[in-house]
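Listed below are the residues making up each chain.
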Amino acid sequence: MQDFHALGLPQPLMRSLESMKFTTPTPIQAQAIPPALEGKDILGSAQTGTGKTAAFGIPLVARLLNSPRGSALVMTPTRELAVQVIDTLQQLLGKYSPIQTALLIGGESMPAQVQQLRMRPRLIVGTPGRIFDHLERGSLMLHDAGFLVLDETDRMLDMGFAVQIERIAKYLPQQRQTLMFSATLPADIIKMSERYLNNPVRVSVGSTTTPIAKIQQEIIHVSEEAKYDKLLAQLNQRQGSIIVFVKTKWGAEKMAHKLRREKHSADAIHGDLHQNKRERVITAFRDRKHRIMVATDIAARGLDIPHIEHVINYDLPQCPEDYIHRIGRTARAGAEGAAICLITPKDAEKWEAIQRLMNPDARPAARKPNPGNNAPGQGNRRRRRPRRRPQ
Ligand code: ADP
Ligand code: MG
């Protein structure tokens, strides 16, 4: 598919795409949009930064515009992601769209959300916890929600939302179209898709366990004691925006504080911050008011901040899959980026697990990390992932 014109989209949507400067569909969009416009269920997987939001957003908005009734529900794992998704969907609807929207996320005023719901929104975006609260209170009705999107489903399962999603699904009509997207497709996601999707079209782009080739990966072996100084050296020698990943919430705060003392412009983001504080941190970073964002893994998935030039893994992630999400924060939408890993001797085992995930065919004896190794891996390892608490 060369451009969006071939799809027969409603005029207002074509105009929105024009003003968003989306002329050519990305590969996942080219695969997902035509069957979704036909009303088919979709199970989609693609690396981060490949345009999944518009892959479900375009058919969703087309459906809302083409019919006078019915609503759509989009669930995302985190509040930040919900904010980003509703922002993109509102752009697709266009400035003057009569279609009302509602954002239902935790940490924000319930009465204000109830007020939004009174306007009979036809598009609802939110996180499972808050959506379920509204359903229970009766402030939200989903009996006419004929279009359901589960975004970043793997992340939602990791965060323990499976039960809530199941309860929410009971409020939706049986007759509906469901689109499910996930960066990875482990066994539990496949099982979930069998439960919620009806004869889905499976679309996928690239290997979901291989990072995008444009990311330049650099590995720095360092002792525990020298690690912080190495980080400072990296921050000083690099230009542009940087995310530094650390293990704990407290570690993130402490690191941001230390960096500020060294006259770096830095702030921290993690799961303990209030919603409006988190949004302020992201906005400041997006607007380049802060050059450095110190983050725990909650910030690793889904956030679309176009200008991240470098991802520094100060601590390795607990879960190998998170490595791919972390470095997926850079090199988005075809840009170039660098991912730097600081590896201490005690990281050896974790690093090996990451290498195995990215390159499952490599000989297990390869103990030395292989810098710049981003050969495509084959297939998707099905492994049980430990359930983690939101960080
Ligand atoms: P994903 O959900 O797959 O991680 P996003 O939907 O967040 O990716 O999109 C990543 C970036 O690509 C965003 O900045 C978005 O505006 C941009 N983008 C998406 N589709 C297109 C397109 N067809 N043309 C140009 N840019 C696009
Ligand atoms: Mg996304």
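As a starting point, this report considers the structure included with it.

1. Considering the overall build of the protein
- Regarding its fold elements, the protein presents 14 helices and 13 strands.
- The burial tally for the protein puts 57% of its 391 residues in the buried class.
- Nonlocal contacts in the protein, meaning residues at least 24 apart in sequence, comprise 74% of its contacts between residues at least 6 apart.
- Carbon and sulfur atoms form 49% of the exposed surface of the protein, whose accessible area is close to 17800 Å².

2. What about the environment of Pro10?
- Positionally, Pro10 belongs in the segment before α1 (11-19).
- Along the backbone, Pro10 and Leu65 are 55 residues apart, and their C-alpha atoms lie at a distance of 7.2 Å.
- Setting aside chain neighbours within four positions, we find Pro10 in contact with Ala62, Leu65 and Asn66.

3. Observations regarding the sheet that holds strand β5 (residues 145-150)
- Judged by pairing direction, the sheet is parallel, and its seven strands sit side by side in the order β3-β4-β2-β5-β6-β1-β7 without closing on themselves. One side of each edge strand has no neighbouring strand; the edge strands of this open sheet are β3 (101-104) and β7 (201-205). Averaged over all adjacent pairs, the angle separating strand axes in this sheet is 15 degrees, with direction ignored.
- As paired elements, strand β2 (residues 71-75) and strand β4 (residues 123-126) share four bridges and run parallel to each other. Each residue of the ladder has a partner; that of Val74, found in β4, is Val125.
- Against the sheet, helix α2 (residues 27-37) touches β1 (42-46), β6 (177-182) and β7, its axis set at about 170 degrees to β7.
- Together, β1, β2, β4, β5 and β6 form the strand contacts of helix α3 (residues 52-66), whose direction differs from that of β5 by roughly 175 degrees.

4. Some points on the pairing of β4
- Residues of β4 alternate between two faces, with Leu123 and Val125 on one and Ile124 and Gly126 on the opposite face, all of them buried.
- The pairing of β3 with β4 spans four bridges and is classified as parallel. From the neighbouring strand, Leu104 faces β4, where its bridge partner is Gly126.
- Between the parallel pair β3 and β4, the chain is carried across by helix α5 (residues 110-118), and the sense of this crossover is right-handed.

5. Quick notes on the pairing of β1
- Counting buried positions along β1 gives five out of five residues, so the element sits mostly inside the fold.
- Residue alternation in β1 divides its side chains into two sets, Ile42, Gly44 and Ala46 and Leu43 and Ser45, and both sets are buried.
- As judged from the five bridges shared by β1 and β7, these two strands associate in the parallel manner. Considered in β7, the bridge of Ile42 is made with Val201.

6. Regarding α2
- All of the buried residues along α2 are Ile28, Gln29, Ala32, Ile33, Pro35 and Ala36.
- Along its buried surface, α2 packs onto β1, α3, β6 and β7.
- Gly39 sits one or two residues past α2 and shows a positive phi near 95 degrees.

7. What to know about the nonpolar core
- Within the largest apolar cluster, 41 residues are counted, with the highest numbers of intra-cluster contacts made by Leu9, Ile58, Leu60, Val74 and Leu123.
- For this core, the element with the highest residue contribution is α3, accounting for eight residues.
- Those residues in contact with Leu123 that sit more than four places away from it in its chain are Leu60, Leu64, Ala72, Val74, Leu89, Leu93, Gln100, Thr101 and Ala102.
- Counting residues in hydrophobic clusters, the runner-up holds 31 residues, among them Leu43, Ala102, Leu185 and Leu197.

8. Focus on the environment of Gln318
- Along the chain, the position of Gln318 falls in the loop between β12 (308-313) and α13 (320-327).
- Linking Gln318 and Lys247, residues 71 residues apart in sequence, is a C-alpha distance of 7.8 Å.
- Within the structure, the side chain of Gln318 is placed 3.0 Å from the side chain of Lys350, a separation counted as a polar contact.

9. Let's talk about helix α8 (residues 162-169)
- Along α8, the positions that sit buried rather than exposed are Ile165, Ile168 and Ala169. Along the axis of α8, the buried positions cluster into a sector of 100 degrees, meaning they face one direction only.
- If you follow the buried residues of α8, they end up packed against β2, α6 (128-137), β5, α7 (153-158) and α9 (187-196).

10. Notes on the pattern of salt bridges
- All chains considered together, the criterion is met by nine salt bridges.
- Here Glu38 makes a salt bridge to Lys40, at a shortest N to O gap of 2.8 Å.
- Judged by its relative accessible area of 60%, Glu38 falls in the exposed class.
- Residues Lys227 and Asp315 are paired through a salt bridge, measuring 3.1 Å at the closest nitrogen-oxygen approach.

11. Quick word on the packing of α2 against α3
- Their axes nearest at 9 Å, the elements α2 and α3 cross at an angle of 25 degrees. Comparing the axis directions of α2 and α3 gives the class roughly parallel. The chirality of how α2 crosses α3 is right-handed. The residues of α3 that touch α2, namely those facing Ile28, Gln29, Ala32, Ile33, Ala36 and Leu37, are Lys52, Ala54, Ala55, Ile58, Pro59 and Ala62.
- Broken down by class, the residue content of the contact of α2 with α3 amounts to ten nonpolar, one polar and one charged.

The rules behind each value
- Residues numbered from 1 in each chain as written.
- Chains lettered and ligands numbered in written order.
- Predicted model: local features only at pLDDT ≥ 70, side-chain atom pairs only at ≥ 80, totals over all residues.
- Heavy atoms only, no water.
- Helix = DSSP H or I, 4+ residues; strand = E, 2+ residues; numbered from the N terminus.
- Buried < 20%, exposed > 50% of the residue type's maximum accessible area, 1.4 Å probe, protein only.
- Contact = heavy atoms within 4.5 Å.
- Areas by Shrake-Rupley, 256 points an atom, 1.4 Å probe, with all protein chains shown as cover.
- Pairing = 2+ DSSP bridges.
- Axes fitted to C-alpha atoms, helices over the stretch in contact; angles between N-to-C directions.
- Right-handed = clockwise from strand over helix to strand, strands pointing away.
- Core = buried A, V, L, I, M, F, W, Y, C linked by side-chain atoms within 4.5 Å.
- Polar contact = N/O pair within 3.5 Å; in protein donor to acceptor, adjacent residues only side chain to side chain.
- Arc of directions from axis to C-beta.
- Salt bridge = Lys/Arg side-chain N within 4 Å of Asp/Glu carboxyl O.
- Parallel < 35°, antiparallel > 145°, perpendicular 65-115°, else oblique.
- Left-handed = near helix turned anticlockwise from the far one by under 90°.
- Nonpolar A, V, L, I, M, F, W, Y, C, P; charged D, E, K, R; others polar.

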